[in-house]
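Listed below are the residues making up each chain.
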Amino acid sequence: MQSLSEHKISQIIGLDGKPMTIDDLPPKDTKRWVIRRKAEVVAAVRGGLISLDDACNMYKLSVEEFLSWQKAIDKHGLAGLRTTRLQQYRPPPPTDISN
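The structure reproduced in this document is the subject of the present report. The structure displayed is predicted, hence computed values, not measured ones.

## Brief notes about the overall build of the protein
Line of reasoning, step 1. In terms of regular secondary structure, the protein is built from 4 helices and 2 strands.
Line of reasoning, step 2. Starting at the N terminus and walking to the C terminus, you meet the elements of the protein as β-β-α-α-α-α.
Line of reasoning, step 3. With 99 residues in all, the protein has 31% of them scored as buried.
Line of reasoning, step 4. Put simply, 53% of the contacts in the protein that link residues at least 6 apart link residues at least 24 apart.

## Describing the packing of aromatic side chains
Line of reasoning, step 1. Taken as a whole and judged by the stated rule, the model has 2 aromatic pairs.
Line of reasoning, step 2. A centroid spacing of 5.0 Å and a plane angle of 50 degrees characterise the contact between Trp33 and Trp69, whose relative ring orientation is tilted. Taken together, the residues span a long stretch of sequence, with Trp33 in the loop between strand S2 (19–20) and helix H1 (35–47) and Trp69 in helix H3 (residues 63–76) at a distance of 36 residues.
Line of reasoning, step 3. Residue classification places Trp33 among the buried residues on the basis of a relative accessible area of 17%.
Line of reasoning, step 4. Of the aromatic side chains, those joined through ring pairs into one cluster are Trp33, Tyr59 and Trp69.

## So, H1
Line of reasoning, step 1. Over its 13 residues, H1 runs 18 Å from end to end, which matches the ideal 18 Å to within 8%, given 1.5 Å per residue.
Line of reasoning, step 2. Structurally, H1 contributes buried residues whose contacts are with strand S1 (12–13), S2, helix H2 (52–59) and H3.
Line of reasoning, step 3. Looking at the residues trailing H1, positive phi occurs at Gly48, about 85 degrees.

Criteria and thresholds
Residues numbered from 1 in each chain as written. Predicted model: local features only at pLDDT ≥ 70, side-chain atom pairs only at ≥ 80, totals over all residues. Heavy atoms only, no water. Helix = DSSP H or I, 4+ residues; strand = E, 2+ residues; numbered from the N terminus. Buried < 20%, exposed > 50% of the residue type's maximum accessible area, 1.4 Å probe, protein only. Contact = heavy atoms within 4.5 Å. Phe/Tyr/Trp six-rings, centres within 6.5 Å; stacked < 30°, edge-to-face > 60°. Expected span 1.5 Å × (residues − 1).

Have a look at this one:
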(Lines give C-alpha, C1' and ligand atoms only; values in the text may rest on other atoms or scores of the structure.)
Protein backbone atom coordinates (compact mmCIF):
# COMPACT_ATOMS: atom_id res chain seq x y z
CA MET A 1 0.00 0.00 0.00
CA GLN A 2 1.24 3.47 -0.87
CA SER A 3 1.19 6.14 1.81
CA LEU A 4 0.84 9.86 1.22
CA SER A 5 4.57 10.35 1.57
CA GLU A 6 5.27 7.72 -1.09
CA HIS A 7 2.75 8.79 -3.76
CA LYS A 8 4.14 9.14 -7.25
CA ILE A 9 1.66 11.49 -8.89
CA SER A 10 2.16 15.08 -7.76
CA GLN A 11 -0.83 16.63 -9.51
CA ILE A 12 -3.95 15.80 -11.48
CA ILE A 13 -6.45 17.89 -13.39
CA GLY A 14 -9.14 18.98 -10.93
CA LEU A 15 -12.84 19.55 -11.40
CA ASP A 16 -12.28 23.06 -12.69
CA GLY A 17 -9.74 21.92 -15.29
CA LYS A 18 -6.81 23.33 -13.31
CA PRO A 19 -3.97 21.33 -11.75
CA MET A 20 -4.83 19.86 -8.36
CA THR A 21 -2.27 18.74 -5.77
CA ILE A 22 -2.41 17.20 -2.30
CA ASP A 23 -2.46 20.75 -0.92
CA ASP A 24 -5.72 21.44 -2.77
CA LEU A 25 -7.60 18.64 -1.02
CA PRO A 26 -10.11 19.47 1.71
CA PRO A 27 -8.67 19.79 5.25
CA LYS A 28 -8.29 16.55 7.20
CA ASP A 29 -10.71 17.79 9.86
CA THR A 30 -13.53 18.45 7.35
CA LYS A 31 -16.91 17.94 8.97
CA ARG A 32 -19.18 19.58 6.40
CA TRP A 33 -19.04 17.60 3.17
CA VAL A 34 -20.34 19.82 0.40
CA ILE A 35 -20.56 18.55 -3.17
CA ARG A 36 -17.27 20.14 -4.25
CA ARG A 37 -15.25 18.59 -1.41
CA LYS A 38 -16.67 15.12 -2.00
CA ALA A 39 -15.97 15.42 -5.72
CA GLU A 40 -12.39 16.60 -5.08
CA VAL A 41 -11.66 13.56 -2.93
CA VAL A 42 -13.18 11.21 -5.52
CA ALA A 43 -11.16 12.89 -8.29
CA ALA A 44 -7.96 12.63 -6.24
CA VAL A 45 -8.43 8.90 -5.68
CA ARG A 46 -9.42 8.23 -9.28
CA GLY A 47 -6.49 10.26 -10.57
CA GLY A 48 -4.00 8.45 -8.32
CA LEU A 49 -3.15 11.52 -6.24
CA ILE A 50 -4.02 9.56 -3.09
CA SER A 51 -5.07 5.97 -2.49
CA LEU A 52 -8.52 4.91 -1.39
CA ASP A 53 -7.06 3.77 1.94
CA ASP A 54 -5.34 7.12 2.45
CA ALA A 55 -8.53 9.02 1.64
CA CYS A 56 -10.59 6.92 4.05
CA ASN A 57 -8.00 7.25 6.81
CA MET A 58 -7.43 10.95 6.25
CA TYR A 59 -11.12 11.86 6.28
CA LYS A 60 -12.41 9.12 8.61
CA LEU A 61 -14.62 7.70 5.88
CA SER A 62 -15.73 4.14 5.44
CA VAL A 63 -14.92 2.52 2.12
CA GLU A 64 -18.67 2.15 1.59
CA GLU A 65 -19.24 5.89 2.06
CA PHE A 66 -16.49 6.78 -0.41
CA LEU A 67 -17.80 4.24 -2.92
CA SER A 68 -21.30 5.69 -2.55
CA TRP A 69 -19.91 9.13 -3.52
CA GLN A 70 -18.16 7.60 -6.51
CA LYS A 71 -21.28 5.73 -7.59
CA ALA A 72 -23.44 8.85 -7.18
CA ILE A 73 -21.08 10.81 -9.45
CA ASP A 74 -21.02 8.04 -12.04
CA LYS A 75 -24.77 7.68 -12.07
CA HIS A 76 -26.01 11.25 -11.58
CA GLY A 77 -23.04 13.59 -11.94
CA LEU A 78 -22.19 16.10 -9.25
CA ALA A 79 -25.88 16.58 -8.46
CA GLY A 80 -25.93 13.02 -7.14
CA LEU A 81 -23.76 14.15 -4.23
CA ARG A 82 -26.44 16.45 -2.85
CA THR A 83 -27.45 15.09 0.53
CA THR A 84 -30.75 16.98 0.47
CA ARG A 85 -31.74 15.26 -2.76
CA LEU A 86 -30.88 11.67 -1.84
CA GLN A 87 -34.48 10.57 -2.15
CA GLN A 88 -34.44 11.58 -5.82
CA TYR A 89 -31.38 9.47 -6.61
CA ARG A 90 -31.91 6.38 -4.48
CA PRO A 91 -34.43 3.73 -5.45
CA PRO A 92 -37.43 3.47 -3.14
CA PRO A 93 -37.31 0.69 -0.55
CA PRO A 94 -39.03 -2.54 -1.58
CA THR A 95 -42.64 -2.78 -0.49
CA ASP A 96 -43.84 -5.68 1.58
CA ILE A 97 -46.62 -7.37 -0.39
CA SER A 98 -47.18 -10.14 2.16
CA ASN A 99 -49.67 -8.09 4.22
